[in-house]
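A structural walkthrough
Each chain, written out:
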Amino acid sequence: MAEVVTQLGTTPQRRQLLRNLIAYRALLASDGYQSGIQFIDGSFVENVEGAANRSPSDIDVFSILSAPRSMPLT
């Protein structure tokens, strides 16, 4: 994540989107997801500011996660 933040967190709007992504990842971890891979795509990974004169409005994320072990029912 450090490299993603360094390379793509170049404006206040982008940094806010990254904070939201980090919060999402923390939520996944708190639900027990500990391994997987995420792909980040969309205008967030492009120079949309230069190409379309606007900021990205979201981050497209595709996640492939290993399901957490279920808590035994008691």
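What comes next is a walk through the structure. (Residues numbered from 1 in each chain as written. Predicted model: local features only at pLDDT ≥ 70, side-chain atom pairs only at ≥ 80, totals over all residues. Heavy atoms only, no water.)

If you tally the helices and strands in the protein, you get 3 helices and 2 strands. In the protein, the succession of α and β elements from N to C terminus is α-α-β-α-β. Looking at the protein residue by residue over its 74 residues, the buried ones come to 19%. For the protein, contacts bridging at least 24 residues in sequence account for 55% of all contacts bridging at least 6. Carbon and sulfur atoms form 54% of the exposed surface of the protein, whose accessible area is close to 5,600 Å². Charge separation in the protein, taken as the distance between the mean sites of 6 positive and 7 negative side-chain charges, equals 7 Å. (Helix = DSSP H or I, 4+ residues; strand = E, 2+ residues; numbered from the N terminus. Buried < 20%, exposed > 50% of the residue type's maximum accessible area, 1.4 Å probe, protein only. Contact = heavy atoms within 4.5 Å. Areas by Shrake-Rupley, 256 points an atom, 1.4 Å probe, with all protein chains shown as cover. Lys, Arg positive; Asp, Glu negative; His and termini not counted. Charge placed at Lys NZ, Arg CZ, Asp CG, Glu CD.)

Moving on, we get to the packing of aromatic side chains. Enumeration over the complete set of coordinates arrives at 1 aromatic pair. Here Arg14 stacks its cationic end above the ring of Phe44, 4.9 Å away from the centre of that ring. (Phe/Tyr/Trp six-rings, centres within 6.5 Å; stacked < 30°, edge-to-face > 60°. Lys NZ or Arg CZ within 6 Å of the ring centre and 35° of its normal.)

Helix length check: helix α2 (residues 12–30) (19 residues) gives 27 Å between terminal C-alpha atoms against 27 Å at 1.5 Å per residue, within 8%. Those residues of α2 that are buried are in contact with α1 (2–8), β1 (36–41), α3 (48–52) and β2 (60–65). Gly32 sits one or two positions beyond α2 and adopts a positive phi of about 100 degrees. (Expected span 1.5 Å × (residues − 1).)

What follows deals with the side chain of Arg14. In this structure, Arg14 sits in helix α2. A polar contact is formed between the side chain of Arg14 and the backbone oxygen of Glu46, at a distance of 2.9 Å. Here Glu49 takes part through its side chain, which lies 2.7 Å from a polar atom of the side chain of Arg14. In this structure Arg14 touches Leu8, Gly9, Ser43, Phe44, Glu46, Val48, Glu49 and Pro56, once residues within four positions along its chain are discounted. (Polar contact = N/O pair within 3.5 Å; in protein donor to acceptor, adjacent residues only side chain to side chain.)

To continue, consider the environment of Leu28. Take Leu28: it is sitting in helix α2. In sequence terms Leu28 and Pro68 are 40 residues apart; their C-alpha atoms lie 9.8 Å from each other. Every residue in contact with Leu28, bar those within four places of it in the chain, is listed here: Tyr33, Gln38 and Leu65.

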